Number of protein chains: 2
Amino acid sequence: MSASGPAGDDAGPLAVICGGGSFPFLVADAAQRRGRGVLLFAIRGWADPVAVARYPHHWAGLGQFGRFRRLARAAGCRDVVIIGTMLRPSILNLRPDLASLRYLPRIARLLRGGDNHLLSGIARVLFEANGFRVIGAHEVAPDILVPEGVLGRHRPCERDHADMARGLALIAAMGPFDIGQAVVVADNYVLAVEAAEGTDQMLARVAALRRERRVRLSGKVGVLVKAPKPAQDRRLDLPSVGARTVAAAAEAGLAGIAVEAKGAITADVAAFVEAADAAGLFVFGIAAPAPPERL
Amino acid sequence: MSASGPAGDDAGPLAVICGGGSFPFLVADAAQRRGRGVLLFAIRGWADPVAVARYPHHWAGLGQFGRFRRLARAAGCRDVVIIGTMLRPSILNLRPDLASLRYLPRIARLLRGGDNHLLSGIARVLFEANGFRVIGAHEVAPDILVPEGVLGRHRPCERDHADMARGLALIAAMGPFDIGQAVVVADNYVLAVEAAEGTDQMLARVAALRRERRVRLSGKVGVLVKAPKPAQDRRLDLPSVGARTVAAAAEAGLAGIAVEAKGAITADVAAFVEAADAAGLFVFGIAAPAPPERL
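All values reported here derive from a predicted model rather than from experimental measurement.

## Remarks on the sheet that holds strand β6 (residues 149–150) of chain B
Link 1 in the chain: Pairing in this open sheet of six strands is mixed, and the strands run β6-β11-β10-β9-β7-β8 (chain B) from one edge to the other. Where the open sheet ends on each side, the last strands, each with one partner, are β6 and β8 (189–193) of chain B.

## Considerations on unusual backbone geometry
All names here are of chain A.
Link 1 in the chain: The backbone phi angle of D187 is positive, close to 55°, even though this residue is not glycine.
Link 2 in the chain: Structurally, D187 is set in the loop between β7 (182–186) and β8 (189–193).
Link 3 in the chain: The exposure class assigned to D187 is partly exposed, which follows from its relative accessible area of 21%.
Link 4 in the chain: Even without a glycine there, the phi angle at K262 is positive, about 60°.
Link 5 in the chain: The topology assignment puts K262 in the loop between β10 (256–260) and α11 (269–279).

## Focus on the pairing of β7(A)
Remark: a regular strand shows side chains that alternate across the two faces of the sheet.
Residues and elements named next belong to chain A.
Link 1 in the chain: Counted residue by residue, β7 has five buried out of five residues, so it is predominantly covered.
Link 2 in the chain: Side-chain alternation along β7 places A182, V184 and A186 on one buried face and V183 and V185 on a second face that is also buried.
Link 3 in the chain: Where β7 and strand β9 (residues 223–226) come together, four bridges link them in antiparallel fashion. Its bridge partner lying in β9, V183 is registered against V225.
Link 4 in the chain: Of the pairings in the sheet, the one linking β7 to β8 comprises four bridges and is antiparallel in character. For A186, the partnering residue across the bridge sits in β8 and is Y189.

## Side note on the sheet that holds strand β3 (residues 57–60) of chain B
Residues and elements named next belong to chain B.
Link 1 in the chain: Reading across from one edge, β3-β2-β1-β4-β5 is the order of the five strands in this open sheet, with parallel pairing throughout. Edge positions in the open sheet fall to β3 and β5 (133–134), since each of these has one partner strand only.
Link 2 in the chain: Two elements, strand β1 (residues 14–18) and strand β2 (residues 38–43), share five bridges in a ladder whose sense is parallel. Paired with C18 across the strands is A42, a residue of β2.

## Structural notes on the environment of B:F65
Residues and elements named next belong to chain B.
Link 1 in the chain: Summarising the element assignment, F65 is placed in helix α3 (residues 65–74).
Link 2 in the chain: C-alpha of F65 to C-alpha of L101: the two residues are 36 residues apart in sequence and 9.1 Å apart in space.
Link 3 in the chain: With near-sequence residues (within four places) excluded, F65 lies in contact with D97, S100, Y103, L126, F127, N130 and F132.

## Regarding the environment of B:A247
Residue and element names in this part refer to chain B.
Link 1 in the chain: Considering the arrangement of structural elements, one finds A247 in helix α10 (residues 243–251).
Link 2 in the chain: For A247, a relative accessible area of 47% puts it in the partly exposed group.
Link 3 in the chain: Taking the C-alpha atoms as reference, A247 lies 9.8 Å from L281; in sequence the two are 34 residues apart.

## Notes on the pairing of strand β11 (residues 282–286) of chain B
Residues and elements named next belong to chain B.
Link 1 in the chain: The element β11 is largely enclosed, with a buried count of five among its five residues.
Link 2 in the chain: Both faces of β11 are covered, namely the face carrying F282, F284 and I286 and the face carrying V283 and G285.
Link 3 in the chain: With two bridges connecting them, β6 and β11 associate as antiparallel partners. Bridge assignment links G149 to a residue of β11, and that residue is G285.
Link 4 in the chain: Pairing of strand β10 (residues 256–260) with β11, which is carried by five bridges, proceeds in the parallel orientation. Looking at the pairing, G256 lines up with F282 of β11.
Link 5 in the chain: Regarding topology, helix α11 (residues 269–279) serves as the crossover connection from β10 to the parallel β11, and that connection is right-handed.

The rules behind the values
- Residues numbered from 1 in each chain as written.
- Chains lettered and ligands numbered in written order.
- Predicted model: local features only at pLDDT ≥ 70, side-chain atom pairs only at ≥ 80, totals over all residues.
- Heavy atoms only, no water.
- Pairing = 2+ DSSP bridges.
- Helix = DSSP H or I, 4+ residues; strand = E, 2+ residues; numbered from the N terminus.
- Buried < 20%, exposed > 50% of the residue type's maximum accessible area, 1.4 Å probe, protein only.
- Contact = heavy atoms within 4.5 Å.
- Right-handed = clockwise from strand over helix to strand, strands pointing away.

Below you can see the structure in the form of structure tokens.
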């Protein structure tokens, strides 16, 4: 995998399409540490301008694929990482440039699916059809992957393990519907399912339900379970966790956080685990299920 | 079915365990219209005291099964309807009387499942094991069932039909997890899944996501889909809709509301449809899927 290996002269700099948050810069730093040049394409309205300024970069709007293609080709980029928060746009909010226009009908069709479908479709329709190679952020920066097993000071109990298993099974069952990277299960009872609202808001809802005694659970109970959807293109959208997730889970009165090991990313594993330790929450990396046998 | 037929002298009055809302009284009225006597067991903290006072009644706390059994037997009740809102209690919030105490371990185990599981388990463990017959509110008052087809002035378009189908399939897929009587699907995209928070709160979330432009959809789009979970004991907990559902769905910018025909209840079908007409929403009763063939 040339992206995570030493820079090949032929590969050119790594193009990083930067949404919001710190992940784009972790990826850029990891590439640079390996001697690979980077060229950031900062998405207007999403990427952090202060951080972006530290790297070779261009600004672009969502929909300016033509601008990307021209500048990336001129710089000799072949590999592209797409990383960071970018809310699902409406086709009406895109300001497509000329090169993007011809892809609009296909993108409009993609917008009718779930989020996976959208991202992997855009990777395929725009980037790969134009000779770029889309690679995962975690392939460039494997340190952002949450590892396996008990990661902090606190350990899940038997009830927590049962809640994790139920949560994972639910995420798998919802896979075909392209939702549900996260659920909250407490003592075998599914309290919340994440769809378009995001994990922090889902956890705030659980906190409110418990505060208002609309769900009556005693003590620290329940697990936030996050895992990639089965059909998810892992190059494009792994679920993420961080100190904010810990704070929201603690506020919701949960016992811990479980993610699929190497199936979720965090900006700083040590800081994430430390926050959980301090909040009295366990953090557990569930061994990924074996890939389905091909018949 | 003697409950929905004329009163048999041998059946005694219909016992109605009354939670919150107006459904308990619709059931009591329907029974009385058919000449059947009723005896209400009003759950303290949930049943409406003003309405309860219009019927022969006793008050009881959740957990006072012994009191129910004694009074119901003394009145000659054999048939029981359990209806109205009663939030899932914690075992710690129950104030069990002596007769209930022996069932506590089994109820504690039931509390670890989802809501279905809880209600049907309690019906079985408490009521049926003691010789009562649990019947559905809609068996006594069939008028509360939402009928099939286009019910109001507005008609679902092709996109709405696709959204309904996706929503129904998702509810079916989540069935084994005992959640999800309701979901919102907009233009093939699942915006929200209901778990412990209830339908109104789920719709308020969709309204907020759209208002904050975190989900970008244009115009009236999306369907609230409600249907019983596949494993649900329909005698105990059919999903309900009403004028408040219409207001919340309109606030969320949806195109309409779809329920499984005869798989959801509403206090007043005509008033519900009228509210939807006025709000510009369609109401559709989806024909129930054929029961699975037995092999």
